[in-house]
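This is what each chain is made of:
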Amino acid sequence: MDAAGERSLPEPGSQDSRAGDDIEIVVNVGGVRQVLYGDLLSQYPETRLAELMGCLAGGYDTIFSLCDDYDPGKREFYFDRDPDAFKCVIEVYYFGEVHMKKGICPICFKNEMDFWKVDLKFLDDCCKSHLSEKREELEEIARRVQLILDDLGVDSAEGRWRRCQKCVWKFLEKPESSCPARVVAVLSFLLILISSVVMCMGTIPELQVLDADGNRVEHPTLENVETACIGWFTLEYLLRLFSSPNKLHFALSFMNIVDVLAILPFYVSLTLTHLGARMMELTNVQQAVQALRIMRIARIFKLARHSSGLQTLTYALKRSFKELGLLLMYLAVGIFVFSALGYTMEQSHPETLFKSIPQSFWWAIITMTTVGYGDIYPKTTLGKLNAAISFLCGVIAIALPIHPIINNFVRYYNKQRVLETAAKHELELMELNSGSAGDGKVGCSRSDLDSLPPEPVGEEGPSWSSRLKISHSDTFIPLLTEEKHHRTRLQSCK
């Protein structure tokens, strides 16, 4: 502000500096002019707008600690903030609550509420849930970025043993980290398919051979292939367990439990075959081995480790328990009702196939699910009418929850893609920030980030963790860190 503007500021104790309910205040937020009155603002005296009523008595320093500019001629306060968010925040003075309009970033809106000193308790519950969801997304982005930074960072203070563990973990758990890691992931995927095919081919009678007792067993070649696959799975699991940073969490993870269930039957059946005959009858040993061989189907679930689509489907089903429960409830009620009606209507026919209501449950199940094996069917006119109504109701009951389940799948799949893109965007911004801060360059390559030194401990200056905290939101632009660029950051968020 020029010298004339400074002289025209009201002096402390002047008539213009009084505060009261009759004061009229003009604010200009991002080019939008708004006239406010003291009796309205005094309802919430701790907010920034309420503090404007008494700021004239404090002079230049007090005025410009609350706003960006001030016109003493018009008595107008200027704020370089988002006008759309301000229109929502100002509702607290009129209605006692704040609603966030559609299209406004929740995190930026929270920052606006903090700037205007309006407590988050005035935010409506529907908007709070949206804010919580956005926070979870940003935390997930920050977690992914931190994992990538942990992989890229090298701590010279760590011992050789710890560095070796990190390299093995990165090699086995992150196929995108290098070309050899990708080759190993593809090889593991192929071995899962081969072991599953071998398990199926071993049941073909033409491919089986006779043992010394005349019993059919798997071909030795297929057994050797399966043994090689199990050896690979065992080695892979032990190396991942050895290199895991948290071995308890690793052992209790669902996918790792699946890996154990896929490997364990082979060794248990091998032990029973060689040692079990001494402790129990040979027949019992063979039955136990056969049961354990059936458990080998668990290895097909190992495919989920290498397939993001299967992981997304699993998550969608977990999020759709309510819809699936609703489907089961509909079917259960329909099965009970139509089986009882079918049993009652078919009793008059001398060759009825409906012997009891529990036996009719099977007919109701295959009818409502439109399978229709034809082993049990009605023979009376009323029974046929009941069957027609039952499968129509079954089609409707099955179709109702399908749409929410598909929506959950699509929503989660799209969300994962957005999070991956956002994490890459954060890394690019951090590369740009580190390059401009370190060498005066506008940006740097991924190889430059690989060569960054470890994060200093106890040293002043921005660290990786602080930069990560700053760049939690994809609305942040590293080169625009001053307050005067806040408006630009808000515009880039929309």
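Numbering of residues starts from 1 in every chain and runs along the sequence as written. Given that this is a predicted model, residues contribute local features only at a pLDDT of at least 70 and side-chain atom pairs are listed and counted only at 80 or more, while totals for whole chains, interfaces and linings are drawn from all residues. Hydrogens and waters are ignored; side-chain quantities use all the structure's heavy atoms.

Per an unreviewed UniProt entry, the recorded name for the protein chain is Voltage-gated potassium channel regulatory subunit KCNF1, and the organism is Ursus maritimus. In its Sequence similarities (unreviewed entry) section, UniProt records this for the protein chain: "Belongs to the potassium channel family. F (TC 1.A.1.2) subfamily. Kv5.1/KCNF1 sub-subfamily." UniProt positions are given in the numbering used here, feature names are shortened, and annotations may be inferred rather than shown by experiment.

> Run through helix α11 (residues 220-243), naming residues and quoting values.
Between the first and last C-alpha of α11 there are 34 Å, a value that for 24 residues agrees with the 34 Å anticipated at 1.5 Å per step. Accessible area is worked out with a 1.4 Å probe on protein chains only. A residue is then buried under 20% of its type maximum, exposed over 50%, and partly exposed in between. Put simply, DSSP marks the helices as runs of H or I at least four residues long and the strands as runs of E at least two long, and each gets a number from the N terminus on. Taken together, the buried positions of α11 are occupied by L222, E226, C229, I230, F233, T234, E236, Y237, R240 and S243. Expected span of a helix: the number of residues minus one, times 1.5 Å.

> Provide a residue-level description of unusual backbone geometry, including the pertinent values.
Phi is positive for R75, which is not a glycine, with a value near 50°. Of note in this structure, K117 is not a glycine but carries a positive phi near 60°. Locating K117 in the fold gives a position in the loop between α7 (106-115) and α8 (125-152).

> Explain the UniProt feature "transmembrane region" (unreviewed entry) in the protein chain to me, and be specific about the residues and the numbers.
Mapped onto this structure's residue numbering, the UniProt feature "transmembrane region" (unreviewed entry) falls at residues 183-204, 248-270, 324-341 and 385-406. The distance from the first to the last C-alpha atom of residues 324-341 is 26 Å, and the span holds 100% helix and 0% strand. In residues 385-406, helix accounts for 91% and strand for 0%; the two terminal C-alpha atoms are 33 Å from one another.

> Tell me what's going on with the side chain of N28, and back it up with residues and numbers.
By secondary structure assignment, the location of N28 is in strand β1 (residues 24-29). On the accessibility criterion, N28 (12% relative accessible area) is buried. Polar contacts here mean pairs of N or O atoms no more than 3.5 Å apart (in protein, one a potential hydrogen donor and the other a potential acceptor; neighbouring residues in sequence count only if both atoms are side-chain atoms). Within polar-contact distance, the side chain of N28 engages the backbone nitrogen of G31 at 3.0 Å. Every residue in contact with N28, bar those within four places of it in the chain, is listed here: R33, E76, F77, Y78 and F79. By the convention used here, residues are in contact when the closest approach between their heavy atoms is within 4.5 Å.

> Residues and numbers for the pattern of salt bridges, please.
The rule for a salt bridge is simple: a side-chain nitrogen of Lys or Arg has to be within 4 Å of a carboxyl oxygen of Asp or Glu. Per the stated rule, a full pass over the model turns up seven salt bridges. Residue R33 pairs with E76 through a salt bridge whose shortest N-O separation is 3.4 Å. Of this pair, R33 sits in strand β2 (residues 32-37) while E76 sits in strand β4 (residues 76-79), and the two are 43 residues apart along the sequence. One salt bridge in this structure joins K117 and E51, with 3.1 Å as the shortest N-O distance. Of this pair, K117 sits in the loop between α7 and α8 while E51 sits in helix α3 (residues 48-51), and the two are 66 residues apart along the sequence. For K117, a relative accessible area of 36% corresponds to the partly exposed category. A residue is classified by how much of its surface remains accessible, and E51, at 28% relative accessible area, is partly exposed. Look at the salt bridges and you will find they share partners, linking E173, R240 and D259 into a network.

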